[in-house]
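Structural description and commentary
The lines below spell out each chain.
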Amino acid sequence: MPLSSLSLRHHPPRPLPPTSNRQPPPPHPRLLHLLLPPFTRRCAFVCQPLAAATDDMATAAAAASPPTLLEHMGQVGTAADLTVLVAHIQSACKRIAALVASPGNAELSRSKAGGGTVAAGRDAPKPLDELSNDIILSSLQSSGKVAVLASEENDLPIWISNDGPYVVVTDPLDGSRNIEVSIPTGTIFGIYNRLVELDHLPLEERAQLNSLQSGTRLVAAGYVLYSSATILCISFGAGTHAFTLDWSTGEFILTHPSIQIPPRGQIYSVNDARYFDWPEGLRKYIDTIRQGKGQHPKKYSARYVCSLVADFHRTLIYGGVAMNPRDHLRLVYEANPLSFLAEQAGGRGSDGKNRRILTVQPVKLHQRLPLFLGSMDDMLELESYGDVQQKVNPGYEV
């Protein structure tokens, strides 16, 4: 039936009851609390003002939230000078994170750095490498806590301050050749105490010897991964912890406390294209674990980014082995800091010959060596094959 044909009956509104000035009697005191909202009722029951309860809730929420990097350092009793230094390092790394994510970085990554010869053992720098190095140098200078900076981007260590209590070694932008294709990159750093017993030596010699300390003397070490998230992973010699940058606050927040690398993983990370240049022991090890015929009965998978920080970060979280079997990675500012982090997480850093990386005494600033990092059981199995260091080096471009 069409709506227009309906006859709608009108019902006038029902009159309201007459009003009265008489007020209803107050509720009985024992029933009063039942008329309050539940939250207010609870507060009234414990005789606590609502404002005070709200403050307590806010305090409890703040206590339950994960700490920032600097708050964590305060909680574990880190020395004040070291806290100031790490604050400046994290500030520099936030600037580098913004730099590598900027629209202009692809053009910079294709460019060549300024002229000049490159010392033996160093890679030819790119503008992004040099910019990152300048950012870190500037931040360390302003900290007032650093005596010496040894960087992959400088031929010689830089003496910064006679009063600085610490020595910093760093690879400012590891994997920079990958930026043009948006593959993760990173910053690696290690921190030592300044050797005050060397203060009587000439400046250049003093700077050099302070930079060539063995990894066993590290006070702290870390890396920053620039990827889908910016993650700062650090150890002060009592566990390895990772902090993720919250861009809304500018703070690194604890997201991975007390990382423990699994005793055994199921992933190996290496450039498989160099298989025919490998020694027999390494080829046999890789063949064995790929077929699931090693000490672990499952077949291993290969994952390789060709960005040391990214490959190591995955290994730290998932377990397995990350390696470069040829004399390629730098002992001072790559192998030592990452081996320190691996050991603090229950893993191992080795040269493949049952030699702990941290015990190797550096003799040159840009000294290179084979590097194997990973889960303890995987590393011991790998080392049992003996011949795993690659001696053939045809001079790869990549």
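Structure report, in brief. (Residues numbered from 1 in each chain as written. Predicted model: local features only at pLDDT ≥ 70, side-chain atom pairs only at ≥ 80, totals over all residues. Heavy atoms only, no water.)

What follows deals with the overall build of the chain. Within the chain one finds eleven helices and 13 strands. Across the 398 residues of the chain, 48% fall into the buried class. When contacts within the chain are restricted to residue pairs at least 6 apart in sequence, long-range pairs at least 24 apart make up 65% of them. Just so you have it, the chain exposes about 20200 Å², and 56% of that area is on carbon and sulfur atoms. (Helix = DSSP H or I, 4+ residues; strand = E, 2+ residues; numbered from the N terminus. Buried < 20%, exposed > 50% of the residue type's maximum accessible area, 1.4 Å probe, protein only. Contact = heavy atoms within 4.5 Å. Areas by Shrake-Rupley, 256 points an atom, 1.4 Å probe, with all protein chains shown as cover.)

Strand order in this open sheet of eight strands is β2-β1-β3-β4-β5-β6-β7-β8, and the pairing throughout is mixed. Of all strands in the sheet, those bounded by a partner on one side alone are β2 (158-159) and β8 (251-256). Where strand β1 (residues 146-151) lies against strand β3 (residues 166-174), five bridges are found, and the strand directions are parallel. The residue bridging Val148 from the neighbouring strand is Val167, located in β3. Across the face of the sheet, helix α10 (residues 331-344) comes into contact with β1, β3, β4 (185-193), β5 (218-226), β6 (230-235) and β7 (240-246) while running at roughly 100° to β5. (Pairing = 2+ DSSP bridges. Axes fitted to C-alpha atoms, helices over the stretch in contact; angles between N-to-C directions.)

Here we come to the nonpolar core. Residues Leu69, Leu85, Leu140, Ile191 and Tyr226 are the most contacted members of the largest nonpolar core, which totals 35 residues. It is helix α4 (residues 80-100) that contributes the most residues to this core, ten residues altogether. Excluding anything up to four places from it in sequence, Tyr226 contacts Cys93, Ile96, Ala97, Val100, Leu173, Pro184, Thr185, Gly186 and Thr187. If you look at the next biggest cluster of nonpolar residues, it comprises 25 residues, including Ile231, Leu331, Leu338 and Leu371. (Core = buried A, V, L, I, M, F, W, Y, C linked by side-chain atoms within 4.5 Å.)

Turning to the sheet that holds strand β12 (residues 348-350), a few remarks are in order. Pairing is mixed in the open sheet, where five strands are placed in the order β10-β9-β11-β13-β12. Where the open sheet ends on each side, the last strands, each with one partner, are β10 (301-302) and β12. As defined by bridge partners, strand β11 (residues 321-330) adjoins strand β13 (residues 368-374) across six bridges and the pair is classed as antiparallel. Considered in β13, the bridge of Leu329 is made with Leu369.

Attention now moves to the environment of Lys284. Relative to the helices and strands, Lys284 is located in helix α8 (residues 280-290). Here the alpha-carbon distance between Lys284 and Asp387, two residues 103 residues apart in the chain, equals 9.6 Å.

Now for the layout of surface pockets. What the second largest pocket holds in volume is close to 240 Å³. Lining the second largest pocket are 16 residues, and of these Ala97, Val100, Ala101, Tyr226 and Ser227 sit closest to its centre. Across the lining of the second largest pocket, the residue classes break down as ten nonpolar, six polar and no charged. (1 Å grid on protein atoms, 1.4 Å probe; cavity = no way out; pocket = protein on both sides within 12 Å on 5 of 7 lines; lining within 4 Å. Points joined across faces, edges and corners; volume = space filled by probe spheres on them. Nonpolar A, V, L, I, M, F, W, Y, C, P; charged D, E, K, R; others polar.)

Summed over all chains, the structure comprises one cavity of 30 Å³ or more. A volume near 50 Å³ is recorded for the largest cavity. Residue lining of the largest cavity: His88, Ile89, Ala92, Cys93, Ile136, Ser139, Leu140, Val168, Thr170, Thr187 and Phe189, and that is the complete set. Elements represented by at least two residues in the lining of the largest cavity include exactly α4, α6 (127-143), β3 and β4. With four residues, the top contributor of residues to the lining of the largest cavity is α4. Residues that form the lining of the largest cavity fall into these classes: seven nonpolar, four polar and no charged.

Moving on: the pattern of salt bridges. Within this structure, the stated rule accounts for eleven salt bridges. The salt bridge partner of Glu381 is Arg264, with a shortest N-O separation of 2.8 Å. Placement of the pair is Glu381 in helix α11 (residues 376-383) and Arg264 in the loop between β8 and β9 (267-269), with a sequence separation of 117 residues. Taken as a pair, Glu381 and Arg264 share a single burial class, namely buried. Among the ionic pairs, Arg348 bridges to Glu383, the shortest N-O distance being 3.1 Å. (Salt bridge = Lys/Arg side-chain N within 4 Å of Asp/Glu carboxyl O.)

Helical geometry note: an α-helix holds 3.6 residues per turn, so side chains three or four residues apart project in the same direction. Relative to the 24 Å expected for 17 residues at 1.5 Å per residue, α6 spans 24 Å between its end C-alpha atoms, a close match to the ideal helical length. Restricting attention to buried positions, one finds in α6 the residues Pro127, Leu128, Asp129, Ser132, Asn133, Ile135, Ile136, Leu137, Ser139, Leu140 and Ser143. Count one or two residues on from α6 and you reach Gly144, which has phi positive near 70°. (Expected span 1.5 Å × (residues − 1).)

This part covers the pairing of β1. Summarising burial for β1: six of the six residues are buried, a large majority. As defined by bridge partners, β1 adjoins β2 across two bridges and the pair is classed as antiparallel. In the sheet register, Leu149 faces β2, and the bridge partner there is Ile158. Taking the residues that link successive antiparallel strands as the turn, the β1-β2 hairpin has six residues.

The next subject is the side chain of Thr170. Relative to the helices and strands, Thr170 is located in strand β3. Within the structure, the side chain of Thr170 is placed 2.8 Å from the backbone oxygen of Ile188, a separation counted as a polar contact. Residues in contact with Thr170, not counting those within four places in the same chain, are Ile136, Leu149, Ala150, Ser151, Glu152, Thr187, Ile188, Phe189 and Tyr333. (Polar contact = N/O pair within 3.5 Å; in protein donor to acceptor, adjacent residues only side chain to side chain.)

To continue, consider α11. Within α11, burial applies to Asp378, Met379, Glu381, Leu382 and Glu383. Among the structural elements, α8, β11, β12 and β13 are those in contact with the buried residues of α11.

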